[in-house]
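The primary structure of each chain is shown beneath.
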Amino acid sequence: MTAPQSPAPGKMALDKIPCTIVTGFLGAGKTTLVRHLLENAQGKRLAVLVNEFGDLGFDGEFLKGCGISGCTEEDVVELPNGCICCTVADDFVPALEKLLNRANPPDHILIETSGLALPKPLVQAFNWPAIRARVTVDGVIAVVDGPAVAEGQFADDPEAMAAQAAQDASVEHDNPLEEVFEDQILCADLILLNKSDLIGEADRTRVKAEIAAHLPKAIKIVETSHGKVEPALIVGLGAAAEADLAARPSHHGEGEDHDHDDFDSVAVALPDGLSPEALSARIAKAAEADGVLRLKGFASVPGKPMRLVVQGVGRRVSHHFDRAWSAGEARDGKLTVIGLKGFDLKAVETALAG
C-alpha cells in the first residue's frame, strides 16, 4: 500500500503533536539518547514508540526499567520483530493512534527506529489520512557510531573492490550496511556523532568530513558522548519533515519494495552462574564470529538482585546493572544476535558455551 503524497510545505497546524524520529545503525546509541531525553523532559509529557529488529524486546525493556519520574510503562510502546519502515499500515499507524487517543495524550512523541530501518518511509507515513491532521515530524535525528565509521564499517575498501572488479567485472558491490547508513543520514535534520570520546580529534574531523560527503546539503553534525546532548537541540526543531520529502533522497524510490533479507536476528540463551566479567568475555568472543554486527540482552548474576545488561557493538562489549528483578520475573538470560544473512551462529553458540 502506498502512502498519500505529501502536502505542499507550509505552516503546520498548531495543535499537531510533534514527533521526533531517532534513527541510526545498530548500536549507535539511539536508546541511550532516548533515555537521556526522558531524564531531561523539563516538564513535558513524553511518550516513546520503540521498534526493534528481532523479537526479544531489549530496547523497550531497557526503557521501561529506567525508573525515571513521570515515565510509566504505558508511555513506552514496543513494536518488536520487524522494522516499522516495512510495517507502517499494520504496526506503526495503529500504535501511534493508540498514543494519540489516550485521555491524557503526550506533549511530544519520541520514535526510535530499529538499527536497520529506513526513516523515509516512516516520515511518509505522517501523511496518512488517519494521522496527518494530528501529528508532525518535528525532526529526524540520525545517531552515528563514530568509532564504527572511523573503522570503515560502512564503506567498502576501494582497493579490494578494484581488485575484485579486475578479476570479475560481473561482481556486484552492493553494501547493505552502507545503504542503510546512507539512507539514515540522508533523511536527517540533525546528525549526532556519538561515542566521540572513543576516537581522537583527527578521526573525528575525518569522520565528519566523510559523513558530509554523503549529504546533498549541509546538515549540522554535533559531537556527543553517551547520547548526552542539550535537549533543545533535539526537541523543537519544527522541521515538518513530512512536507519536505523531496529534500530527503533514498536508495529506495517511491513505492519500491524494501526488505531486510541481507540480515538475520536470532535469540539465544545465555549461560547461568557466570560473573559479569566472565559473561562479557564470552560475549566478546561471540562478537568475533563471522558476520555478527550486534549483540544485546539481559542476564542474572548469582547473588545479585539486579538485572545485568550486556551489549556488544562490533568488538566493543559492555555490561552494567540497570534495575532489580521484579517479583516472579523469569531470570533466564537471553541474548539477541543480529548479523549479516547467514552469520556464523554455531560459532556464537560455541563461544557462549565456553
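Calculation notes
Residues numbered from 1 in each chain as written. Predicted model: local features only at pLDDT ≥ 70, side-chain atom pairs only at ≥ 80, totals over all residues. Heavy atoms only, no water. Helix = DSSP H or I, 4+ residues; strand = E, 2+ residues; numbered from the N terminus. Contact = heavy atoms within 4.5 Å. Areas by Shrake-Rupley, 256 points an atom, 1.4 Å probe, with all protein chains shown as cover. Salt bridge = Lys/Arg side-chain N within 4 Å of Asp/Glu carboxyl O. Expected span 1.5 Å × (residues − 1). Buried < 20%, exposed > 50% of the residue type's maximum accessible area, 1.4 Å probe, protein only. Arc of directions from axis to C-beta. 1 Å grid on protein atoms, 1.4 Å probe; cavity = no way out; pocket = protein on both sides within 12 Å on 5 of 7 lines; lining within 4 Å. Points joined across faces, edges and corners; volume = space filled by probe spheres on them. Phe/Tyr/Trp six-rings, centres within 6.5 Å; stacked < 30°, edge-to-face > 60°. pLDDT = per-residue confidence, 0-100. Pairing = 2+ DSSP bridges. Axes fitted to C-alpha atoms, helices over the stretch in contact; angles between N-to-C directions.

Draft legend 1. Quick peek at the overall build of the protein. Of regular secondary structure, the protein possesses 11 helices and 12 strands. Residue pairs in contact within the protein that sit at least 24 positions apart in sequence constitute 80% of those at least 6 positions apart. Accessible area of the protein: about 15900 Å², with a carbon and sulfur share of 50%.

Draft legend 2. Focus on the environment of His108. Of note, His108 is situated in strand 4 (residues 108-112). Placed 30 residues apart in sequence, His108 and Asp138 show a C-alpha to C-alpha distance of 9.1 Å. Residue contacts for His108: discarding those within four places in its chain leaves Ile17, Pro18, Cys19, Thr20, Arg45, Leu46, Ala47, Asp138, Val235 and Gly236.

Draft legend 3. Fine view of the pattern of salt bridges. For the structure shown, the criterion picks out 15 salt bridges. Asp145 is the partner of Lys195 in a salt bridge, and the nearest nitrogen-oxygen pair spans 3.0 Å. With a gap of 50 residues between them, Lys195 in the loop between strand 6 (190-194) and helix 8 (201-214) and Asp145 in strand 5 (residues 135-145) connect regions that are remote in the sequence. Among the ionic pairs, Arg204 bridges to Glu223, the shortest N-O distance being 3.2 Å. Here Arg204 is found in helix 8, whereas its partner Glu223 is found in strand 7 (residues 221-223), with 19 residues between them in sequence.

Draft legend 4. Helix 8, seen in detail. Between its first and last C-alpha atoms helix 8 spans 21 Å; for 14 residues at 1.5 Å apiece the expected length is 20 Å, and the two agree. Looking only at helix 8, the buried set comprises Arg204, Val207 and Ile211. Viewed along the axis of helix 8, the buried residues span an arc of 65°, placing them on a single side of the element. Opposite the packed face of helix 8, turned more than 90 degrees from it, sit the exposed residues Ala202 and Ala213. Tucked inside the fold, the buried residues of helix 8 contact strand 5, helix 5 (146-150), helix 7 (176-186), strand 6 and strand 7.

Draft legend 5. Representation of unusual backbone geometry in the model. The backbone of Lys195 shows a phi angle near 60°, a positive value even though the residue is not glycine. Overall, the relative accessible area of 14% leaves Lys195 in the buried class.

Draft legend 6. Up close: empty space enclosed by the protein. By the definition in use, this model includes 1 cavity of 30 Å³ or more. Approximately 30 Å³ is the volume found for the largest cavity. Forming the walls of the largest cavity are Phe25, Leu26, Ala28, Val143, Val144, Asp145, Phe154 and Phe181. The biggest single contributor to the lining of the largest cavity is strand 5, with 3 residues.

Draft legend 7. The arrangement of the environment of Glu78 in detail. Tracing the backbone shows Glu78 in strand 3 (residues 76-79). Under the relative-accessibility criterion, Glu78 is labelled partly exposed at 25%.

Draft legend 8. Spatial organisation of the packing of aromatic side chains. Under the defined criterion, the tally for this structure stands at 3 aromatic pairs. Where Phe25 meets Phe154, the ring centres are 5.0 Å apart and the plane angle is 80°; that geometry is what we call edge-to-face. With Phe25 in the loop between strand 1 (17-24) and helix 1 (30-39) and Phe154 in the loop between helix 5 and helix 6 (158-167), this residue pair connects regions lying 129 residues apart in the sequence. According to the relative accessible area criterion, Phe154 is buried, its value standing at 6%. Centroid distance Phe92 to Phe126: 5.7 Å. Interplanar angle 50°. Geometry classified as tilted. You can see Phe92 sitting in helix 3 (residues 88-100) and its partner Phe126 sitting in the loop between helix 4 (119-125) and strand 5, a full 34 residues away along the chain. Phe126 carries the same exposure label as Phe92, and that label is buried.

Draft legend 9. Summary view of the confidence of the model for the protein. With 79% of its residues at a pLDDT of 70 or more, the protein has an overall mean of 82. Low pLDDT (under 50) marks residues 1-13, which in the prediction has 23 contacts with non-local residues, meaning those over four places away or in another chain.

Draft legend 10. Structural context of the sheet that holds strand 4. If you trace the 7 strands from one edge of the open sheet to the other, you get 3-2-4-1-5-6-7, paired in parallel fashion. Looking along the sheet, the strands with just one partner apiece sit at the ends: strand 3 and strand 7. The mean inter-strand angle of the sheet, taken between neighbouring strand axes irrespective of direction, is 20°. Taken together, the 5 bridges between strand 2 (residues 46-51) and strand 4 define a ladder with parallel strand orientation. Following the sheet pairing, Ala47 is matched in strand 4 by Ile109. Against the sheet, helix 7 contacts strand 1, strand 5 and strand 6, and its axis sits at roughly 135° relative to strand 5.

Draft legend 11. A look at the sheet that holds strand 12 (residues 334-340). Read from one edge of the open sheet, 5 strands run 8-12-9-10-11, paired in antiparallel fashion. With partners counted over all chains shown, the strands left at the sheet margins are strand 8 (263-269) and strand 11 (316-324), one partner each. Pairs of neighbouring strands in the sheet enclose a mean axial angle of 15°, with direction left out of account. Contacting strand 8, strand 9 (292-300) and strand 12, helix 7 runs over the sheet at an angle of about 100° to strand 8.

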